[in-house]
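# Overview (structure and organization)
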Amino acid sequence: MANTSSAKKATRKIAARTAVNKNRRSRVRTYVRKVEEALASGDKSAAEAALLAAQPELMRAATKGVLHKNTASRKVSRLTLRVKALSA
C-alpha cells in the first residue's frame, strides 16, 4: 500500500488514466466489431460506412497511446482489404 502522499496521488492518477484508456479501447473494439458484423452479413454499403467510422477511432487510439501506431494502421489496412474483397 502507498505510504507517501505522492505515491497515493500517483495511484489515483494511474486509476484515472486506466479508466480513460479502458473506455477508449472499448470504443475501438465496438467500432471494429460493427465492421466485422457488416462483413459477416455481406452488406457492402454498411461495411463501408462502418469502416469510415472505425478508421478515425483507431487512429485516435493510436494518437492517445492506447494502441501502437502500426497496430492501428494494420487493423485499418486489413479491414479495408476485407471490405474491398466483399464486392469482388
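The present account deals with the structure reproduced in this document. (Residues numbered from 1 in each chain as written. Predicted model: local features only at pLDDT ≥ 70, side-chain atom pairs only at ≥ 80, totals over all residues. Heavy atoms only, no water.)

### Some thoughts on the overall build of the protein
The test is simple: Secondary structure counts use DSSP, requiring at least four H or I residues in a row for a helix and at least two E residues in a row for a strand, with both numbered from the N terminus. The globule rule is 2.2 Å times the number of residues to the power 0.38, and the radius of gyration it is compared with is taken over C-alpha atoms.
When you go through the protein residue by residue, the secondary structure sums to three helices and zero strands. Scanning the protein from its N terminus toward the C terminus, one meets helices and strands in the order α-α-α. A globule of 88 residues ought to have a C-alpha radius of gyration of about 12 Å, yet the protein, at 18 Å, is considerably larger. With the C-alpha coordinates aligned to their principal axes, the bounding extent of the protein is approximately 60 × 20 × 15 Å.

### Quick notes on the side chain of Glu 57
Note the cut-off: Burial status follows relative accessibility: with a 1.4 Å probe on protein chains alone, a residue under 20% of its type maximum counts as buried, one over 50% as exposed, and anything between as partly exposed. Residue contacts are defined here by distance: any two heavy atoms, one from each residue, within 4.5 Å place the two residues in contact.
Considering the arrangement of structural elements, one finds Glu 57 in helix 2 (residues 44-64). Accessibility expressed as a relative area gives 8% for Glu 57, which makes it buried. Setting aside residues no more than four positions away along its own chain, Glu 57 makes contact with Arg 27, Val 28 and Tyr 31.

### Focus on the packing of helix 2 against helix 3 (residues 69-87)
Cut-off, in case you're wondering: In this analysis, axes come from line fits to C-alpha atoms, helices being fitted only over the stretch in contact, and the angle between any two N-to-C directions falls in the range 0 to 180 degrees. For this classification, under 35 degrees means roughly parallel, over 145 means roughly antiparallel, 65 to 115 means roughly perpendicular, and everything else is oblique. In the scheme used here, Gly and all other residues not listed as nonpolar or charged are polar, with Ala, Val, Leu, Ile, Met, Phe, Trp, Tyr, Cys and Pro taken as nonpolar and Asp, Glu, Lys and Arg as charged.
One can describe the packing of helix 2 onto helix 3 by two numbers: an axis separation of 9 Å at closest approach and a directional angle of 175 degrees. In this view, helix 2 runs roughly antiparallel relative to helix 3, as classed from their interaxial angle. Of helix 3, the residues touching helix 2 (which contributes Lys 44, Ala 47, Glu 48, Leu 51, Gln 55, Leu 58, Met 59 and Ala 62) are Lys 69, Ala 72, Ser 73, Lys 75, Val 76, Leu 79, Thr 80, Val 83, Leu 86 and Ser 87. The class makeup of the residues in the contact of helix 2 with helix 3 is 10 nonpolar, four polar and four charged.

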